[in-house]
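If you want the building blocks of each chain, they are given just below.
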Amino acid sequence: MSQSPPSLRRASVTASGVGSPVIEAGPARAREAVVFVHGNPGSGTDWLELLEAVGLLGRAVALDMPGFGQADKPRDYRYQVSSYSEFLHGALRQPEFPCDVGSYAAHLDGALKQLGVEQVHLVLHDFGGPFGLLWGLQHPDAWISVVLIDIGVLPGYRWHPMARRWRTPVLGELLQAWIPRWAWRRSMQRSNPKGLPREFVDKMYDDYDRATRRAVLALYRATPDPNEAAGTLGPALAGLSKPALVLWGAKDPYAPVRYAERQQEFFDVRQVVILPDSGHWPFKDDPEAVEGPLLSFLRTQLASSAGA
């Protein structure tokens, strides 16, 4: 497990019946917070360096979402029985956690309530985008601003090749059945030409156990086509016109960089930053280039909301 600097605090919350580790920085009881939401594969530890930096501006929070990192990893079955006897007597229980975007947004909301966070500046990456943006649409008064890192509203988007395989029954299970560490490292580095820190890549691999792989398959299969979602959610987000910073790796193989400028159709974008040599994780392969504009944007947003 990654070690936290002394300025970071670790705790846990339980929401939607699922326990999630939480990492925090800054004022412990502030009702306004910058909330980091990771994607797939990932965890709250993805954000350690940025949490520490943002903690100098205000409260900063990151958590492991259900099925990822060190969060509880429930099975995504329609029903679950605790014993064969219960099955024989028809005593079926509701699922522990359905792996769909709505359930992740609800989990995020429950976690924020437990933490006492009432005003939120979102920092979103990968699948953290759908989780956080749906939460924002459901809680527009609590949502203040957003940082979009290689994610957003994606009109015309087509699932990347690996996602299409994961969404295919049997093929997805076969691909997830055995993933050696060497293959994981090679794949991650090949799809991120600037290179990712070895510790970061290995931490992702260590967390990517069989339960996480099941959650990934369930999540991708339960998620509507992003192009379809853009047609529905895009106008709703545009109507809110939330302040946004867009950060995008130009060599992202999963979310093409052409979508960076298009976020201006849906958000009040204050700045678009394209990192020319970065891949899908620009906050890891070029942390200084990400930290500067991110802190500048959040500093302004935190000051504006405090004044309001």
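Here, every reference points to the structure presented above.
Residues numbered from 1 in each chain as written. Predicted model: local features only at pLDDT ≥ 70, side-chain atom pairs only at ≥ 80, totals over all residues. Heavy atoms only, no water.

Asks: Summarise the packing of helix α7 (residues 181-190) against helix α8 (residues 198-207); cite the residues concerned and give the values.
Replies: Direction vectors running N to C along α7 and α8 enclose 125 degrees, while the axes themselves pass 10 Å from each other. Relative to α8, the element α7 is oriented oblique. The chirality of how α7 crosses α8 is right-handed. In this structure, α7 contributes R181, W184, R185, M188 and Q189 to the contact, and α8 contributes R198, V201, D202, M204, Y205 and D206. The residue inventory of the contact of α7 with α8, partitioned by class, reads five nonpolar, one polar and five charged. (Axes fitted to C-alpha atoms, helices over the stretch in contact; angles between N-to-C directions. Helix = DSSP H or I, 4+ residues; strand = E, 2+ residues; numbered from the N terminus. Parallel < 35°, antiparallel > 145°, perpendicular 65-115°, else oblique. Left-handed = near helix turned anticlockwise from the far one by under 90°. Contact = heavy atoms within 4.5 Å. Nonpolar A, V, L, I, M, F, W, Y, C, P; charged D, E, K, R; others polar.)

Asks: So, the pairing of strand β6 (residues 143-149): which residues are in play, and what are the values?
Replies: A regular strand places its side chains so that they alternate between the two faces of the sheet. Taken across its seven residues, β6 has seven buried, putting it largely inside the fold. Sheet topology note: the strand β5 (residues 119-125)/β6 ladder contains six bridges and is parallel. In the sheet register, V123 faces β6, and the bridge partner there is V147. Taking the sense of rotation as the criterion, the β-α-β connection linking β5, helix α4 (residues 128-138) and β6 turns out right-handed. As paired strands, β6 and strand β7 (residues 243-249) are joined by four bridges and run parallel to one another. (Buried < 20%, exposed > 50% of the residue type's maximum accessible area, 1.4 Å probe, protein only. Pairing = 2+ DSSP bridges. Right-handed = clockwise from strand over helix to strand, strands pointing away.)

Asks: Tell me about the packing of α4 against helix α10 (residues 226-240), and please be specific about residues and values.
Replies: Taken N-terminus to C-terminus, the directions of α4 and α10 make an angle of 60 degrees; their axes are 11 Å apart at the nearest point. Compared by their axis directions, α4 and α10 come out oblique. Remark: the crossing between α4 and α10 carries left-handed chirality. Facing L133, G136 and L137 of α4, the residues of α10 in contact are L233, A236, L237 and L240. Of the residues in the contact of α4 with α10, the class split is six nonpolar, one polar and no charged.

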